[in-house]
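Single-letter residue listing:
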Amino acid sequence: MRDWRRVKERIFLAVTSILAMVAVAPLFHIIASVAIRGGGVLYRAGLDFLTSQPAPPGSSMLGGIGPALLGTLWLALLTSAIGIPLSVLTAVFIVEFKDHPLARLAKVFTSSLLEIPTVLIGMLVFLTIVSMMGHYSLLAGSIALAIVMLPYTVSYVERAMEEVPRTYREAGYSIGMTRSQVVFDVVMGIARRGVAAGVVIGLAKIVSETAPLLFTIGSARSSYPMSMKDVFEPGDAVPLLIFQFAQTPYQNWQDLAWGAALILTVIVLALFAAMKLIVREVHL
Amino acid sequence: MDNTGKMPAGDRRLFYSLAPAAVISMGILVVMTVLFIYYSIPAVRVYGAKLITTSTWSPSEYGEPSYGLLIPILGTLISSIIAVVIALPLALSAVFFTEEVLPRSMGSVRSAFASLIEAMTGIPTIVYGLWGLMVLSPFLRDNVYQPLYRYLGFIPLFSCEPVTGSTILTAGILLSIMITPFIYAVVRQSYNQVPRTYKEAILALGATRYEYARILFGMIKPAILAGALIGFGRAAGETVAVALVVGNTFNPPTCILSPSYTVSALIANQFANAPLYPYMVNVLVLGGLILLVLGIISNILGVMYLARVRYVA
Amino acid sequence: MDLVEVRVSRLNVWIGGKHILKDVYLKASPGSVTAVMGPSGSGKSTLIRVINRLIDLVPGARVEGEVLLGGINALREDPYIVRRLTGMVFQEPNPFPHMTIYDNVAIGPKLHGLARSRRELDSIVEWALKKAHLWDEVKDRLHDYPYQLSGGQKQRLSLARALALKPRVLLLDEPTANIDPVSTTKIERSIMEYAKEAMATVLIVTHTPQQAARISDQILFIYQGRVVEYGPTRELVLHPKNSLTRKFLGGEV
């Protein structure tokens, strides 16, 4: 009787350990696949990979993902310009006026955005911004991405602000600061690492998003957006290029997708690492 | 109750300068819901219940197009259920492994394992999709689906010949990999909230670690349910990774070895060209509305279950 | 230099329906130090926070009665004006961790435009740090961040931050509760000197009878939100009328 219980325990421990390994195994396989296949492509294409346009489909040439990479940079920039102020100000409002009904609504509604499939955000922007402008544009894509970013950044900034001990607020008021001085000079100053972490995590989320871009930026695979006026034109982005090239039967485009996946993974992991570093160095 | 009236002038100025941002942020979901309902109405008016009870999808620029979302809706449900069924044991094992199997003395190994799983949420979904399409699908077709069909083909679920690796089952498996870390995070948090004294009491009774796990996971059952629901919501809404591996074909997903469709994949593939066809935008927006409702409901339920754990502990 | 007398009468405070202060009164004159004493939870900190309207930050707080700061009705006036007139030091040392030592002292004067030049600002900062008896310890590292300072030094920095605005009323909420004895002595000296030199009105919450005896001119003893004894320090310490006060001063409550 007692031995049977022991045996069951053994089996259970073995099974859970194996399943736990199975749970993380895909991570290694994905990273290895991306590193090997993408690395091979990058090695073959050289620096051109970062700057050239994709070669024609089916050709023996590779070309590169220049326009998509530049597009992703523009998207990150524009999304930050729209998304950071919007999320930070919303978070401040939610924290500072938490008893006001508007703040409570804002909190519930923005955090619900987290649970909404991002493809729907693409649909929303298509039905509003794109149909108003009459064509796809990097701007429309950035608006969609800013909406994707919003709930992440709002909740991080909110938490960072809540963590500032109350006594610093009191100290601020006691020397005659106004509410906005207390918020922006004291609370945000003390919480600045948390705020920065929220912004970085938001960026890490949006640079790899594909679904919101499907019906918003078009895929202008050969144009290099260079100035602010190109923002109103269609563009391309790295994740969108991967999505579309992966589905083609052309070897050289599939290779480009792998190379692009490596670049994208590196960017995202770097942003996550940056976030961890920012958070760790906090001291009060 | 509006209390802006009582605020000092300085506060009121801050209130009114921040309020627009809050209103915009809040308005996004409201506008989305209203707009989606508004766009869905014509589709419902023209096609009625047929939209979700039939499965013909023949858009036409001129004649009489007919649209039925039955297959994609079933596809979404079945692939997400497969995902949860696979991910749940993986996530629970991973929680038990981090918290109980790895010895307390190996704190750094534990946190390393936990951050590995966390890192899985950081991998872009499009990279999951690319890997799923190019690596996972061919592997599953040759090593899993073929044998399943050959030896278990008498079971209806496995009764169709796997021609490609892009099937509803592949979508489910890929989704399970993607949602495991989310379920893990939800369950682990509750697991750690169980007071130490309970854990010690169970061990003091002379329970084996198997019995211990059964009791502990029993205590946090609502959290496990919550994790499953939240994972289900994520799986149902996932778009690009699924669109790459589900096969994008209007086959009924009753045999899980055949290519099929999900609502999100249908939207991803067809929405951009939808304005060319009468009512297609409306029908696809209705599909989006279904996803919206599914996502919100599974999340609300999940949060409710989570709240119940806190009450117990 | 205008003299600001603090006059509190019939002050009642409820927080979340709980009656915290009941008909509290006091009169503190310029140049004097008033010690507010009582067991913990008796409402001392609340009293201090009503005077500079930090009570406004407490959710669910309701205040009735009258608080006069010189000619100003503190409960009716814009709180920012009230706080400009008063300075406060808190129980936990709280210099702003993201500002340098210099900036912590300079922020008040900068905010209210008290200095017309950098030089003037420098001299205000030096003056305040000297008043807080901290100058000698930090004069070579004014541009460091305060996290390297000891708890007692941080508290003196908080005091300097308050003094830099030359407040007419200085409020202190158990400023030496968690502080080393050396810093405690310095802070007590600062408080007494500031009251006399600037003819400021000082209210200090304390729970040590010895401290009250050392630095105060009068003592207000609160128990369960009510004033149970109020009078000149010497009289109250030597001949406490109330049995509770006697017990407290003897260290029994």
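Before reading further, recall that the structure is shown in the block above.
Residues numbered from 1 in each chain as written. Chains lettered and ligands numbered in written order. Predicted model: local features only at pLDDT ≥ 70, side-chain atom pairs only at ≥ 80, totals over all residues. Heavy atoms only, no water.

**Focus: the overall build of chain C**
Move 1: Helix and strand counts for chain C stand at 10 helices and 10 strands.
Move 2: Rg of the C-alpha trace for chain C: 18 Å, near the compact-globule value of 18 Å for 253 residues, within the 12% margin.
Move 3: For chain C, the spread of C-alpha atoms along the three principal axes comes to 55 × 40 × 35 Å.
Move 4: Among the 253 residues that make up chain C, the fraction classed as buried is 54%.
Move 5: Partitioning the contacts of chain C with sequence separation of at least 6, the portion at a separation of at least 24 is 67%.
Move 6: For chain C, the exposed area adds up to about 10,700 Å²; of that, 49% sits on carbon and sulfur atoms.
Move 7: The average position of the 34 basic charges and that of the 27 acidic charges among the side chains of chain C differ by 2 Å. (Helix = DSSP H or I, 4+ residues; strand = E, 2+ residues; numbered from the N terminus. Rg over C-alpha atoms; globule rule 2.2 N^0.38 Å. Buried < 20%, exposed > 50% of the residue type's maximum accessible area, 1.4 Å probe, protein only. Contact = heavy atoms within 4.5 Å. Areas by Shrake-Rupley, 256 points an atom, 1.4 Å probe, with all protein chains shown as cover. Lys, Arg positive; Asp, Glu negative; His and termini not counted. Charge placed at Lys NZ, Arg CZ, Asp CG, Glu CD.)

**Quick look at unusual backbone geometry**
Residue and element names in this part refer to chain C.
Move 1: If you check the backbone angles, Glu-174 has positive phi at about 45 degrees while not being a glycine.
Move 2: You can see Glu-174 is positioned in the loop between β7 (169-173) and α7 (181-198).
Move 3: The exposure class assigned to Glu-174 is buried, which follows from its relative accessible area of 10%.
Move 4: A positive phi angle, near 50 degrees, is found at Gln-224, a position not held by glycine.
Move 5: Counting through the fold element by element, Gln-224 comes out in the loop between β9 (218-223) and β10 (226-232).

**A look at the interface of chain C and chain A**
Move 1: Contacts between the two partners involve 26 residues from chain C, matched on the other side by 22 residues from chain A.
Move 2: For the pair chain C and chain A, the summed buried surface comes to about 2,100 Å²; carbon and sulfur atoms form 66% of the total.
Move 3: Here chain C and chain A share one salt bridge between them.
Move 4: Secondary structure elements with two or more residues in the side of chain C that touches chain A: α2 (79-85), β6 (86-89) and α3 (101-111) of chain C.
Move 5: Residues belonging to the side of chain C that touches chain A are distributed by class as follows: 15 nonpolar, seven polar and four charged. (Buried area = accessible area lost by both parts, 1.4 Å probe. Salt bridge = Lys/Arg side-chain N within 4 Å of Asp/Glu carboxyl O. Nonpolar A, V, L, I, M, F, W, Y, C, P; charged D, E, K, R; others polar.)

**Quick look at the sheet that holds strand β2 (residues 18-28) of chain C**
Residues and elements named next belong to chain C.
Move 1: The strand order β2-β1-β4-β5 describes an open sheet built from four strands, whose pairing is antiparallel. Each having just a single partner strand, β2 and β5 (72-73) make up the two edges of the open sheet.
Move 2: Note that strand β1 (residues 6-15) and β2 share seven bridges and pair antiparallel. Bridging from a neighbouring strand, Arg-7 pairs with Lys-27 of β2.
Move 3: Along the sheet, helix α1 (residues 44-51) makes contact with β1, β2 and β4 (61-69), crossing β1 at roughly 115 degrees. (Pairing = 2+ DSSP bridges. Axes fitted to C-alpha atoms, helices over the stretch in contact; angles between N-to-C directions.)

**Let's talk about a nonpolar patch on the surface**
All names here are of chain B.
Move 1: Residues Val-293, Ile-297, Ile-300, Leu-301 and Met-304 make up a contiguous nonpolar surface patch of roughly 430 Å² in combined accessible area.
Move 2: Locating Ile-297 in the fold gives a position in helix α12 (residues 280-312).
Move 3: For Ile-297, a relative accessible area of 45% translates into the label partly exposed. (Patch = residues over 30% accessible without salt bridge, like charges linked within 9 Å, V, L, I, M, F, W, Y side chains within 5 Å.)

**Considering empty space enclosed by the protein**
Move 1: Per the stated rule, a full pass over the model turns up three cavities of 30 Å³ or more.
Move 2: Approximately 640 Å³ is the volume attributed to the largest cavity.
Move 3: Around the largest cavity, the lining is made up of 40 residues, and of these A:Tyr152, A:Glu209, B:Thr125, B:Arg234 and B:Glu238 lie nearest the centre.
Move 4: Broken down by secondary-structure element, the contributors of at least two residues to the lining of the largest cavity are α5 (118-133), α6 (138-162) and α9 (192-207) of chain A together with α4 (107-122), α5 (125-152), α6 (168-193), α9 (221-237) and α12 of chain B.
Move 5: Residues belonging to the lining of the largest cavity are distributed by class as follows: 23 nonpolar, 12 polar and five charged.
Move 6: Roughly 40 Å³ of volume is contained in the second largest cavity. (1 Å grid on protein atoms, 1.4 Å probe; cavity = no way out; pocket = protein on both sides within 12 Å on 5 of 7 lines; lining within 4 Å. Points joined across faces, edges and corners; volume = space filled by probe spheres on them.)

**Points about the packing of helix α3 (residues 66-96) of chain A against helix α1 (residues 9-47) of chain B**
Move 1: Where α3(A) contacts α1(B), the axes come no closer than 8 Å and their chain directions differ by 115 degrees. When the interaxial angle is binned, α3(A) and α1(B) end up roughly perpendicular. In this structure, α3(A) crosses over α1(B), and the sense of that crossing is left-handed. In this structure, α3(A) contributes A:Leu86, A:Leu89, A:Thr90, A:Val92 and A:Phe93 to the contact, and α1(B) contributes B:Phe15, B:Leu18, B:Ala19, B:Ala21, B:Ala22, B:Ile24 and B:Ser25. (Parallel < 35°, antiparallel > 145°, perpendicular 65-115°, else oblique. Left-handed = near helix turned anticlockwise from the far one by under 90°.)

**Some points on the nonpolar core**
Move 1: Counting residues in hydrophobic clusters, the biggest one holds 254 residues, and the most contacted among them are B:Phe36, B:Phe271 and C:Leu203.
Move 2: Those residues in contact with B:Phe36 that lie beyond four places of it in its chain are A:Leu120, A:Met123, A:Leu124, A:Leu127, B:Val285, B:Gly288 and B:Leu289.
Move 3: Of all hydrophobic cores here, the second largest spans 42 residues; its members include C:Leu149, C:Ala160, C:Leu236 and C:Leu249. (Core = buried A, V, L, I, M, F, W, Y, C linked by side-chain atoms within 4.5 Å.)

**Some remarks on helix α4 (residues 101-113) of chain A**
Residues and elements named next belong to chain A.
Move 1: The terminal C-alpha atoms of α4, which comprises 13 residues, lie 19 Å apart, in line with the 18 Å expected from a rise of 1.5 Å per residue.
Move 2: Residues Leu-102, Ala-103, Ala-106, Thr-110 and Leu-113 constitute the buried set of α4. Summarising the axial view, the buried residues of α4 lie within an arc of 95 degrees, below the 170-degree limit, and thus occupy one face. (Expected span 1.5 Å × (residues − 1). Arc of directions from axis to C-beta.)

**Quick look at the interface of chain B and chain A**
Move 1: Listed per partner, the contact involves 79 residues of chain B and 78 residues of chain A.
Move 2: Overall, the association of chain B and chain A removes approximately 7,000 Å² of surface from exposure, summing both partners, and the carbon and sulfur fraction of that is 80%.
Move 3: Where chain B touches chain A, the interface holds four salt bridges.
Move 4: Applying the counting rule to chain B against chain A returns nine residue pairs in polar contact (both at pLDDT 80 or more).
Move 5: Element by element, the count of residues in the side of chain B that touches chain A is highest for α1(B), at 19 residues.
Move 6: Here the residues of the side of chain B that touches chain A sort into 57 nonpolar, 16 polar and six charged. (Polar contact = N/O pair within 3.5 Å; in protein donor to acceptor, adjacent residues only side chain to side chain.)

**Remarks on the pattern of salt bridges**
Move 1: Counted by the stated rule, this structure contains 30 salt bridges over all chains.
Move 2: The salt bridge involving A:Glu9 is made with A:Arg6; its shortest N-O contact spans 2.7 Å. Placement of both A:Glu9 and A:Arg6 in helix α1 (residues 2-45) is noted, with a separation of three residues, approximately one turn of the helix.
Move 3: Since its relative accessible area comes to 10%, A:Glu9 is described here as buried.
Move 4: Of the charged contacts in the structure, one is a salt bridge between C:Glu174 and C:Lys44, with a shortest N-O distance of 3.5 Å. Here C:Lys44 lies in helix α1 and C:Glu174 lies in the loop between β7 and α7, a separation of 130 residues in the sequence. For the pair C:Glu174 and C:Lys44, one class covers both residues: buried.
Move 5: Through salt bridges with shared partners, a single network forms among A:Glu96, A:Arg169, A:Arg179 and B:Asp11.

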